[in-house]
Amino acid sequence: MDEMIEQVTPTHVSLDDLEDLINCLSAEEIEELAECDPDDSSMPPYMRCAYKCNKDPTEWKGDENREKLQEGLKEQALAIPDQVEQVKWEKGVVRGKVYVPKVEEVIKPEYDSDDEDEKKKVVEEDPADLDDEYSQALQIATAGDIQDIADILGVTFQEHCVATTLKVFPTEAPNTTNIDEVIKQAAANDGELQDINLNNIKYISDQKWSALFSALSGNSVVESLSAANCDLTDSIVKGLCDCLESNKTIRALNLESNSVSAEMVLTIIKSTINTKGLEELRVASQFSGQYLGSAIEYALIDILAKAPHLVKLGVRMEFRDSLNKCALALAKNLDRRRQTEDRTFSLQLDKTGKTGPKIVSDKR
């Protein structure tokens, strides 16, 4: 048995021998050796691809100018003749066959027995007719009948359970504020103009916005400016930032439902650091973006520490961490304001609401 086993000693093959062996192979044998398993992840992707391109190389090389390559491709495309149309195009004339959708005919099976005929009648009934029958029966039924049906179905019936009637609120009247009159009053520093409400007034030109902001820059009476849903953009709000750098009386600013970017929100707060007049800012529900983003949110937290006058901020934040830090910074600003406010006099509010608070006594 041992004599039948032939022991083969391993032979060492050098690189020169491999080159000689490869040179002896034909092109078909080399292609067979080059094939590999496409699922073998140890091989590079270009070797696992079974597709072999046998096309001739292009006339242009990759090292040449790209414009020259484009010009050559354009000339080659123009040299190819266009296909001859069998039927010339005419307006309103359909060329070729018109597509007609196929309509499949539904073959209804025939039933012989009486039971199957009854089933067929039930299936062919319109469900809308059944709903009408149920609705008519419920309209005629009394409270006792409905309670009996509920007991049969096992549904608990509460005698004193009544649905709350829907409250219909009247539609909000359109805003009739005249922007031209507001600009004139703001420029004249009119004492009656303390609150400017321009909400839901659209199609205000950029020239009127710039005229309003320039008039407010030197105004010392207006305390509140509301311009929600007015199609404001960053280019318009930039003029407002210039106005806030010199105005010290505007305490509340509402710019909700506009197209103000997150970067512009930071610019608005930065413009009030020197004047320290703005106390409330609302910039939520912007059409340009639902959230501010992580970078803007953390930058906003750093700015709030430098703007102690800002105690109310209406903005939607995405991350819980930045929301908590922002709330903590606003609470610190409010506490700092409470510690530094003047408490030497007391105020009494007017119950009618016609006038503002009045000083009734001096505590000094």
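Anything mentioned here points back to the structure above.
Residues numbered from 1 in each chain as written. Predicted model: local features only at pLDDT ≥ 70, side-chain atom pairs only at ≥ 80, totals over all residues. Heavy atoms only, no water.

## Some details on the overall build of the protein
Then, in step 1: Along the protein, the regular secondary structure elements total 13 helices and seven strands.
Then, in step 2: Within the protein, buried positions represent 21% of all 364 residues.
Then, in step 3: Residue pairs in contact within the protein that sit at least 24 positions apart in sequence constitute 67% of those at least 6 positions apart.
Then, in step 4: For the protein, the exposed area adds up to about 29600 Å²; of that, 52% sits on carbon and sulfur atoms. (Helix = DSSP H or I, 4+ residues; strand = E, 2+ residues; numbered from the N terminus. Buried < 20%, exposed > 50% of the residue type's maximum accessible area, 1.4 Å probe, protein only. Contact = heavy atoms within 4.5 Å. Areas by Shrake-Rupley, 256 points an atom, 1.4 Å probe, with all protein chains shown as cover.)

## What about helix α10 (residues 234-244)?
Then, in step 1: What α10 keeps buried is the set Ile236, Val237, Leu240, Cys241, Cys243 and Leu244. For α10, the angular spread of buried residues about the axis comes to 155°, placing them on one side. In α10, the exposed residues that point more than 90 degrees away from the buried face are Ser235 and Lys238.
Then, in step 2: Those residues of α10 that are buried are in contact with α9 (206-217), β2 (224-226), β3 (252-254) and α11 (262-270). (Arc of directions from axis to C-beta.)

## Considering a negative patch on the surface
Then, in step 1: A contiguous patch of negative charge, built from Glu28, Glu29, Glu31, Glu32 and Glu35, is present on the exposed surface.
Then, in step 2: Here Glu31 shows up in helix α2 (residues 27-34). (Patch = residues over 30% accessible without salt bridge, like charges linked within 9 Å, V, L, I, M, F, W, Y side chains within 5 Å. Salt bridge = Lys/Arg side-chain N within 4 Å of Asp/Glu carboxyl O. Lys, Arg positive; Asp, Glu negative; His and termini not counted. Charge placed at Lys NZ, Arg CZ, Asp CG, Glu CD.)

## As for the packing of α9 against α10
Then, in step 1: Following both chains from N to C, one finds α9 and α10 inclined at 10°, their axes separated by 8 Å at the closest point. When the interaxial angle is binned, α9 and α10 end up roughly parallel. Contacts from Asp206, Trp209, Phe213, Leu216 and Ser217 in α9 reach Ile236, Gly239, Leu240 and Cys243 in α10.
Then, in step 2: Classifying every residue of the contact of α9 with α10 by side-chain character gives six nonpolar, two polar and one charged. (Axes fitted to C-alpha atoms, helices over the stretch in contact; angles between N-to-C directions. Parallel < 35°, antiparallel > 145°, perpendicular 65-115°, else oblique. Nonpolar A, V, L, I, M, F, W, Y, C, P; charged D, E, K, R; others polar.)

## Side note on the side chain of Gln286
Then, in step 1: Counting through the fold element by element, Gln286 comes out in the loop between β4 (280-282) and α12 (294-306).
Then, in step 2: Within the structure, Gln286 has its side chain in polar contact with the backbone nitrogen of Asn258 (distance 3.2 Å).
Then, in step 3: At 3.2 Å, the side chain of Gln286 forms a polar contact with the backbone oxygen of Val283.
Then, in step 4: Discounting residues that sit within four places of it in the chain, Gln286 has contacts with Leu255, Glu256, Ser257, Asn258, Ser259 and Val260. (Polar contact = N/O pair within 3.5 Å; in protein donor to acceptor, adjacent residues only side chain to side chain.)

## Comments concerning the nonpolar core
Then, in step 1: Ranked by size, the top nonpolar core spans 52 residues in total, and within it Trp209, Leu216, Leu253, Leu255, Leu281 and Leu313 carry the most contacts.
Then, in step 2: Those elements giving two or more residues to this core turn out to be α8 (179-187), α9, α10, α11, α12 and α13 (320-340).
Then, in step 3: Apart from residues lying up to four places away in sequence, Leu313 is in contact with Leu281, Leu300, Leu304, Cys326 and Leu330. (Core = buried A, V, L, I, M, F, W, Y, C linked by side-chain atoms within 4.5 Å.)

## Some thoughts on unusual backbone geometry
Then, in step 1: Residue Asn200 is not a glycine yet carries a positive backbone phi of 65°.
Then, in step 2: You can see Asn200 is positioned in the loop between β1 (195-197) and α9.
Then, in step 3: Judged by its relative accessible area of 46%, Asn200 falls in the partly exposed class.

## Observations concerning the pattern of salt bridges
Then, in step 1: By the definition in use, this model includes six salt bridges.
Then, in step 2: For Lys208, the salt bridge identified is with Asp180, shortest N-O distance 3.7 Å. Within this pair, whereas Lys208 is found in helix α9, its partner Asp180 is found in helix α8, the two being separated by 28 residues in sequence.
Then, in step 3: Lys208 sits in the partly exposed class, given a relative accessible area of 32%.

## Quick notes on the side chain of Ser271
Then, in step 1: Looking at the element boundaries, Ser271 is found in the loop between α11 and β4.
Then, in step 2: Taking the relative accessible area as the measure of exposure, Ser271 reaches 5% and is therefore buried.
Then, in step 3: Among the polar contacts listed, one links the side chain of Ser271 to the backbone oxygen of Ile268, at a separation of 2.6 Å.
Then, in step 4: Discounting chain neighbours no more than four positions away, the residues touching Ser271 are Cys241, Leu244 and Glu245.

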